[in-house]
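# Structure at a glance
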Amino acid sequence: LNLIKILNSYDNFNIKFAEYIGQRRWDLITDHMLKIKLPEKDYNLAIEKINKFFIKLDTFDYHLIKFIDLRIQKKIIIRFYDKNDIEFIDNNLK
């Protein structure tokens, strides 16, 4: 219920559904069928981080991305369908 409240406060991405993984953390699936792996703790901060990231990407083709992993604090890992990974490390991200 808290997750839904947090997600409703952002309008830069639309969540199609959420999946509870291992009874400890959430994966979100966007309307672009993009999987976002949330951390076990402080998922509200991870959602804020990905919201800021989506604002920066603006017109990016999300269909190229297999998933975005936010499970490691201060890091965004993007896995593309071509199996290449990009890691963004930002000390300003919490």
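Residues numbered from 1 in each chain as written. Predicted model: local features only at pLDDT ≥ 70, side-chain atom pairs only at ≥ 80, totals over all residues. Heavy atoms only, no water.

## A word on the environment of Asp42
- Its place among the elements puts Asp42 in the loop between β3 (35–37) and α2 (43–57).
- Note: C-alpha distance between Asp42 and Gln73 (31 residues apart in sequence) is 9.2 Å. (Helix = DSSP H or I, 4+ residues; strand = E, 2+ residues; numbered from the N terminus.)

## Here we look at the pairing of strand β1 (residues 15–21)
- Pairing analysis gives six bridges linking β1 to strand β2 (residues 25–30), with the strands arranged antiparallel. The partner of Ala18 across the bridge, within β2, is Leu28.
- Between β1 and β2, which pair antiparallel and follow one another directly, the connecting turn spans three residues, one of which, Gly22, has a positive phi of 55 degrees. (Pairing = 2+ DSSP bridges.)

## Notes on unusual backbone geometry
- Here the phi dihedral of Met33 falls at roughly 60 degrees; this positive angle occurs in a residue that is not glycine.
- On the secondary structure map, Met33 appears in the loop between β2 and β3.
- Even without glycine at this site, Asp42 takes up a positive phi of about 55 degrees.
- With relative accessibility at 48%, the residue Asp42 sits in the partly exposed group. (Buried < 20%, exposed > 50% of the residue type's maximum accessible area, 1.4 Å probe, protein only.)

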